[in-house]
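Overview (structure and organization)
Residue strings, one per chain:
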Amino acid sequence: VQLVESGGGLVQAGGSLRLSCAASGSTFSINAMGWYRQAPGKQRELVATITSGGGSTNYADSVKGRFTISRDNAKNTMYLQMNSLKPEDTAVYYCNAVAFIIATMADYEYWGQGTQVTVAS
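Just so you know, these numbers come straight off a predicted model, no measurement behind them.

Re the nonpolar core
In terms of nonpolar packing, the biggest core is built from 33 residues, with W35, L80, M82 and Y93 touching the most fellow members. By residue number, the principal contributor to this core is strand 9 (residues 91-101), which donates six residues. Apart from residues lying up to four places away in sequence, L80 is in contact with L17, R18, L19, W35, V47, A48, F67, T68, I69 and Y93.

What follows is the structure, given as C-alpha cells:
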C-alpha cells in the first residue's frame, strides 16, 4: 500500500490549507487513518485520527476547532482541512494508515512521505 500526501505549501497566518492522502496498491482494506506532524527539532506528534467508517474522530488539543479530518472510502482518500493556521502549525505532515492486506490476512501500518506546511507570521 502506498500513501501519497498532497496539498501542503506556504500560507499566511490565519489562512487555510487542505491536505489529501491517497492510498493505492495491492488489494487492501483501510482501517483507521490519521495525520501526524513533525516540526524541526521536535518529535512526531499526532494531529488527528479517524476510524474506518469515519464515524469517530480524535484531535490534538492544539488543533481542535481549527482542523477537520475526513475520508472518502470510495476514493481511498483522507483529508485534513486546516483553518486559522498559526506559525506553530509549521511542520511536515504525514499520513498514517492501518490496512488489512487480504493476501496475508493481516494488518499493517503505513506512512506517507510527508508534505511540508509552512505558516508565515
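Still to come is the rest of the account.
Remarks on the environment of Y108
Relative to the helices and strands, Y108 resides in strand 10 (residues 106-111). Considering only alpha carbons, one finds Y108 and N31, 77 residues apart in sequence, at a separation of 9.9 Å. Excluding residues within four positions of it along the chain, Y108 makes contact with A97, V98, A99 and I101. There is a polar contact of 3.2 Å between the side chain of Y108 and the side chain of T104.

Quick look at the pairing of strand 9
When you tally the buried positions in strand 9, you get eight out of eleven residues, the bulk of the element. Bridge count between strand 4 (residues 28-38) and strand 9: nine bridges; the pairing is antiparallel. Looking at strand 9, one finds that W35 is bridged to C95. For strand 9 and strand 11 (residues 115-120), the ladder comprises three bridges, and the chain directions are antiparallel.

Rules and cut-offs
Residues numbered from 1 in each chain as written. Predicted model: local features only at pLDDT ≥ 70, side-chain atom pairs only at ≥ 80, totals over all residues. Heavy atoms only, no water. Core = buried A, V, L, I, M, F, W, Y, C linked by side-chain atoms within 4.5 Å. Buried < 20%, exposed > 50% of the residue type's maximum accessible area, 1.4 Å probe, protein only. Helix = DSSP H or I, 4+ residues; strand = E, 2+ residues; numbered from the N terminus. Contact = heavy atoms within 4.5 Å. Polar contact = N/O pair within 3.5 Å; in protein donor to acceptor, adjacent residues only side chain to side chain. Pairing = 2+ DSSP bridges.

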